[in-house]
Structure formats: C-alpha cells, structure tokens
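If you want the building blocks of each chain, they are given just below.
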Amino acid sequence: MSVADRINRAARRVPAWPVYLIGAALPVWLFWEGTTGGLGIDPVKAIEQRLGLWALKLIVAGLCITPLRRFAGVNLVKYRRAIGLMAFFYVMLHFLAWLVLDMGLLWSQALGDIAKRPYVTVGMVGLVALIPLALTSNDWSVRRLGALRWRRLHRLTYLAAIAGAVHFLWLVKAWPVEPFLYLGAVLGLLALRAIPRKSRAAA
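Okay, so let's go over this structure. Starting from 1, residues in each chain are numbered consecutively following that chain's sequence as written. Local features in this predicted model are restricted to residues of pLDDT 70 or higher, and side-chain atom pairs are both shown and tallied only at a pLDDT of 80 or more, whereas totals for entire chains, interfaces and linings draw on every residue. Here the side-chain values reflect all heavy atoms present in the structure, with hydrogen atoms and water set aside.

Some remarks on the overall build of the protein
Next up, step 1: Secondary structure elements follow DSSP: runs of H or I of four or more residues count as helices, runs of E of two or more count as strands, with numbering from the N terminus. The number of helices and strands found in the protein is 11 helices and 0 strands.
Next up, step 2: Along the protein, helices (α) and strands (β) appear in the sequence α-α-α-α-α-α-α-α-α-α-α when read from the amino end.
Next up, step 3: Along the three orthogonal principal directions, the C-alpha set of the protein runs to about 50 × 40 × 35 Å.
Next up, step 4: Throughout, a residue-residue contact means that at least one pair of heavy atoms, one from each residue, lies within 4.5 Å. In the protein, of all internal contacts separated by at least 6 residues, the share reaching a separation of at least 24 is 67%.
Next up, step 5: Side chains of the protein give 25 positive and 8 negative charges; the mean places of these two sets differ by 18 Å. In summary, the charge assignment counts Lys and Arg as positive and Asp and Glu as negative, without counting His or the chain termini. The location of each charge is read from NZ of Lys, CZ of Arg, CG of Asp or CD of Glu.

Quick look at the pattern of salt bridges
Next up, step 1: A side-chain nitrogen of Lys or Arg and a carboxyl oxygen of Asp or Glu constitute a salt bridge if their distance falls within 4 Å. Using the criterion set out here, one finds 2 salt bridges in the structure.
Next up, step 2: Where Arg81 meets Asp139, a salt bridge forms, and the shortest distance between an N and an O atom there is 2.8 Å. Residue Arg81 is located in helix 4 (residues 80-102), and its partner Asp139 is located in helix 7 (residues 139-145); the two are separated by 58 residues in the primary sequence.
Next up, step 3: For each residue, the accessible area found with a 1.4 Å probe, counting protein chains only, is set against the maximum for its type, and the residue is called buried under 20%, exposed over 50%, and partly exposed in between. Taking relative accessible area as the criterion, Arg81 reaches 34% and is therefore assigned partly exposed.
Next up, step 4: Classification of Asp139 as partly exposed rests on a relative accessible area of 45%.
Next up, step 5: One salt bridge connects Arg117 with Asp113, and the closest N-O pair in it is separated by 3.2 Å.

Topic: helix 2 (residues 17-35)
Next up, step 1: A helix is expected to reach a length of 1.5 Å times the quantity of its residues less one. The end-to-end C-alpha separation of helix 2 is 28 Å, in line with the 27 Å expected for 19 residues at 1.5 Å each.
Next up, step 2: Among all positions in helix 2, only Gly23, Pro27, Leu30, Glu33 and Gly34 are buried. In a view along the axis of helix 2, the buried residues occupy a sector of 125 degrees, so they form one face of it. Across helix 2 from its buried face, at more than 90 degrees, point the exposed residues Trp17, Leu21, Val28, Trp32 and Thr35.
Next up, step 3: On its buried face, helix 2 is in contact with helix 3 (43-72) and helix 4. Think of it as the arc spanned by the lines of direction from the helix axis to the C-beta atoms.

Section: the packing of helix 4 against helix 6 (residues 118-135)
Next up, step 1: Each axis is a line fitted through C-alpha atoms, taken for helices only over the stretch in contact, and angles between the N-to-C directions span 0 to 180 degrees. Where helix 4 meets helix 6, the axes come as close as 10 Å, and the angle between the chain directions of the two elements is 140 degrees. Looking at the two axes, helix 4 sits oblique to helix 6. Regarding helix 4 and helix 6, the two cross each other, and that crossing is left-handed. Where helix 4 approaches helix 6, its residues Leu85, Phe88, Val91, Met92, Phe95 and Trp98 are matched on the opposing element by Val120, Met124, Leu127, Leu130, Ile131 and Ala134.
Next up, step 2: Of the residues assigned to the contact of helix 4 with helix 6, the class counts are 12 nonpolar, no polar and no charged. For classification, angles of less than 35 degrees are called roughly parallel, those exceeding 145 degrees roughly antiparallel, those between 65 and 115 degrees roughly perpendicular, and all remaining angles oblique. Handedness of a helix crossing follows the sense of rotation of the near helix relative to the far helix, less than a right angle counterclockwise being left-handed and clockwise being right-handed. Note that Gly is not counted as nonpolar here; it falls among the polar residues with everything else outside the nonpolar set of Ala, Val, Leu, Ile, Met, Phe, Trp, Tyr, Cys and Pro and the charged set of Asp, Glu, Lys and Arg.

Quick notes on the packing of helix 3 against helix 10 (residues 177-194)
Next up, step 1: Contact pair helix 3 / helix 10: the axes reach a minimum separation of 10 Å and the direction vectors enclose 30 degrees. The orientation of helix 3 relative to helix 10 falls into the category roughly parallel. For the pair helix 3 and helix 10, the sense of crossing is left-handed. For the pair helix 3 and helix 10, the contacting residues are Leu53, Leu56, Lys57, Val60, Gly62, Leu63, Cys64, Thr66, Pro67, Arg70 and Phe71 in the first and Glu178, Tyr182, Ala185, Val186, Leu189, Leu190, Leu192 and Arg193 in the second.
Next up, step 2: By residue class, the composition of the contact of helix 3 with helix 10 is 13 nonpolar, 2 polar and 4 charged.

Okay, structure coming up:
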C-alpha cells in the first residue's frame, strides 16, 4: 500500500468537525494568554499578528488540497470547507482585533488607514474577497448557483491568498525570509493549478 493510500484511509476515519473545534479553541487560548501577560509587552500586536498568520497558514493549507489530490493522489477534499471557513474566521478575528483593540473602534481613523496605508488596503481586499466565499460555503449555495458558477465564484480564493501574502510581506518592515516563503508558496500552488490537464497527466 502506498503512502497516499495510507493517508486516504486514515482521512476517511477522521471527520472534519475537529477542524472547527480546534480552530475555535485556539483564539480563546490566545486571548487568555494576552490577558495573563503571556504575550509580552504588546499583547494587542501579538494577537493581531498570530491571528493573521494562522489565517494565512489555513489559506495555504486550503490551496494545497487540490494539488495534493491531482499530483500525489492524496484526497483531503472533505476538509477543504472546514479549512476555508476557519481561515475566514481567523481573518475576521484579525480584522476585529485591529479595529477594536488597536483602533479602539475609531472608524474615521480606521477608514483613513485603509485608504492611506497600502498594506491595510491589500489586507481589506483579501477580507472582502473571502466574504462571498464564506457565505456560499454550503451545499444549498452549490445547488442554487450551479456547480460551474460556484466554482468560478470560489476562484476569489486566489485573490484572497495573494492579498494575504502581500499584506504580510508589506506589513513586516524588516523584510525577513518568512513572508517571502508564504508568498512563494501561494504563487507556487497557484502555478500548479495552471498546468494544463494533459501536462498533469503526463507528470
């Protein structure tokens, strides 16, 4: 039995609901850490950064599912919806942490930052792109829109992924390696999707 077969057999036994459970528990633990001094001298910044990074990791994980199935025979499609919804959940928490904890709900200042600061603008583009995806991540929407239109709509995932990676890269002023790795991973995964089907079959 191949490694892919073993992974697929294990995946069939593990339901998707633990993704939601773990995903909901991590922010609770993070905010508890912030209130008890476990996040250093600037807990607000730490909360914002960790929520944003977790969201980006989930977006990258979601992008991995199709290439894994096409090229490696590993079928993790049953987890894609949960991963995508949790990515949106973390992006929303990242935004709310910035708006409430950092901006203090000063809407005029927040709107000014969105308009004037490119990294905030790009981040908002990613958030807005994810909203219709989260709202239509259900079987009713697939039936209502039709499979073809639903798939076309969910190509907004690519925009959200690129926006998230660029937002991270632009946000980090020292330009370390990590943001480049995420951007490279996103672009690489999108490039794999662009390979023609005949080329994929040959590969």
